[in-house]
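Here is what each chain is made of, one letter per residue.
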Amino acid sequence: MAKQFDKIEEDHQRFIAEQPLFFSGTAGIDGRVNISPKGMESLRVLGPNRIAWLNLTGSGNETAGHLLEQPRITLMWCSFSKRPLILRCYGTARAVHPVDPDWAEMAALFPPHRSARQIFDIEVDLVQTSCGCAVPFMDYVGERPTMQQWVDSKSDADIRTHWAKQNTETIDGKPTGIPV
């Protein structure tokens, strides 16, 4: 049975901290809905209604583009271990870029990463839990080294060139707001 909460409670925060993986879901006014898996120590619960998520360079930048049009976002965690639980945080978000005045304060919440392109500042207005009994058991083995290897093989200019080619528009051709 699903339960709803108006804030992230302590038990929810512990559950979030235990999960090595979460999913983000966004959609613009029209076009495709995007759901992305995320990990790599990139999320912080800042309070009962606030989450910060450090977004690293990727093949696309759908979330940022969607949030420019429609600030709605859903984050979801599900347990693949003993405790069957699915937790969703619904809310609105804004992208903070390295050129923005509050970047330094927000970036200080995370380990430095050369490919950090945005931080999503999320205001949570609803938390929902559900049973998760149909989620399979899976073992966490560790983070993939691929992302860091890619970053290590690139200069800062190479990363910005990648942003210019791959991250300035969504797959629907809408701007993402990333400064290049």
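Note that the coordinates shown come from a computational prediction; the quantities given were computed from them, not determined experimentally.

Enquirer: Explain the overall build of the chain here, please?
Expert: Broken down by element type, the chain carries 5 helices and 8 strands. When its helices and strands are written in sequence order, the chain yields β-α-β-β-β-β-α-β-β-α-β-α-α. For the chain, whose C-alpha radius of gyration is 16 Å, the value lies close to the compact-globule estimate of 16 Å for 180 residues. Based on the C-alpha atoms only, the size of the chain along its principal axes is roughly 50 × 35 × 30 Å. By the burial criterion, 41% of the 180 residues in the chain qualify as buried. In the chain, the share of contacts with a sequence separation of at least 24, taken over all contacts with a separation of at least 6, comes to 70%. By element, 55% of the accessible surface of the chain is carried by carbon and sulfur atoms, the whole surface being about 10000 Å².

Enquirer: What is the right way to read the packing of aromatic side chains from this model?
Expert: By convention here, two paired aromatic rings are described through the distance between centres and the angle between planes. Summed over all chains, the structure comprises 3 aromatic pairs. A ring pair is formed by Phe-22 and Trp-77, whose centres lie 5.9 Å apart and whose planes are at 35 degrees; its orientation type is tilted. In this pair, Phe-22 sits in strand S2 (residues 22-27) while Trp-77 sits in strand S6 (residues 72-78), placing the two residues 55 residues apart along the sequence. For the pair shown, Phe-22 and Trp-77 are each scored as buried. Measuring from centroid to centroid gives 4.8 Å for Trp-53 and Phe-120, while their planes differ by 50 degrees, and the two rings are tilted. Here Trp-53 is found in strand S5 (residues 50-56), whereas its partner Phe-120 is found in strand S8 (residues 116-130), with 67 residues between them in sequence. One exposure class covers both Trp-53 and Phe-120, and it is buried. Three or more aromatic residues joined by ring pairs make a cluster, and in this case those are Phe-22, Trp-53, Trp-77 and Phe-120.

Rules of the game
- Residues numbered from 1 in each chain as written.
- Predicted model: local features only at pLDDT ≥ 70, side-chain atom pairs only at ≥ 80, totals over all residues.
- Heavy atoms only, no water.
- Helix = DSSP H or I, 4+ residues; strand = E, 2+ residues; numbered from the N terminus.
- Rg over C-alpha atoms; globule rule 2.2 N^0.38 Å.
- Buried < 20%, exposed > 50% of the residue type's maximum accessible area, 1.4 Å probe, protein only.
- Contact = heavy atoms within 4.5 Å.
- Areas by Shrake-Rupley, 256 points an atom, 1.4 Å probe, with all protein chains shown as cover.
- Phe/Tyr/Trp six-rings, centres within 6.5 Å; stacked < 30°, edge-to-face > 60°.

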